[in-house]
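Topology and contacts: notes
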Amino acid sequence: MPRYEYRCRTCGDTFELSRPMAQSADPADCPSGHADTVKLLSTVAVGGTKSAPAPRSGGGGGGGGCCGGGCCS
């Protein structure tokens with residue numbers, strides 16, 4: 001079940017709730033009992049040890065410029 005982060009506008013506390021996606025926009029009371037809360041935009045961190053391959057330089061691969069280097073002279 002996804003976790004959503006909320007901030008209380010009254011006391012400033014930040015808290016998380018686990019709830020179904022269909023209920024993510026439903027009102028959420030802060031743990032102190034205040035009802036004036038806002039859902040925060042959360043970022044997703046993806047871990048791993050592999051990195052993306054380095055871009056190729058030179059001809060034949062496109063890249064660069066506003067349009068991939070194919071139509072700009």
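In this report, the structure presented in the accompanying data block is examined.

Rules of the game
- Note that residues are indexed from 1 along each chain, following the sequence as it is written.
- In view of the model being predicted, local features appear only for residues whose pLDDT reaches at least 70, and side-chain atom pairs are presented and counted only at 80 or more, with totals across whole chains, interfaces and linings using the full set of residues.
- Each side-chain value is derived from all of the structure's non-hydrogen atoms; neither hydrogens nor water enter the calculation.
- For our purposes a nonpolar core is just a set of buried Ala, Val, Leu, Ile, Met, Phe, Trp, Tyr and Cys residues, chained together by side-chain atoms within 4.5 Å.
- Partly exposed describes any residue whose relative accessible area lies between the buried limit of under 20% and the exposed limit of over 50%, with all areas from a 1.4 Å probe on protein chains only and scaled to the type maximum.
- By the criteria applied, helices consist of DSSP H or I runs no shorter than four residues and strands consist of E runs no shorter than two, each listed in order from the N terminus.
- Two residues qualify as a contact provided that any one of their heavy atoms is within 4.5 Å of a heavy atom in the partner residue.
- One requirement defines pairing of two strands: DSSP has to find at least two bridges between them.

Turning our attention to the nonpolar core. In terms of nonpolar packing, the biggest core is built from 6 residues, these being Tyr-4, Tyr-6, Cys-8, Phe-15, Ala-28 and Cys-30. It is strand S1 (residues 3-8) that provides the largest number of residues to this core, a total of 3 residues. In contact with Tyr-4, other than residues within four places in its own chain, are Phe-15, Glu-16, Leu-17, Arg-19, Pro-20, Met-21, Ser-24 and Lys-39.

With that settled, consider the pairing of strand S2 (residues 14-18). Pairing of S1 with S2, which is carried by 5 bridges, proceeds in the antiparallel orientation. Residue Tyr-4 lies in a different strand from S2, and its bridge partner there is Leu-17. Hairpin remark: S1 followed by S2, antiparallel, with 5 residues in the connecting loop; positive phi at Gly-12, about 85 degrees.

We now examine the pairing of S1. Burial of S1 is one-sided: the residues Tyr-4, Tyr-6 and Cys-8 facing one way are buried, the residues Arg-3, Glu-5 and Arg-7 facing the other way are not. The pairing of S1 with strand S3 (residues 37-39) spans 3 bridges and is antiparallel. Residue pairing across strands places Cys-8 opposite Thr-37, the latter belonging to S3.

The values reported here are purely geometric and, on their own, carry no functional implication.
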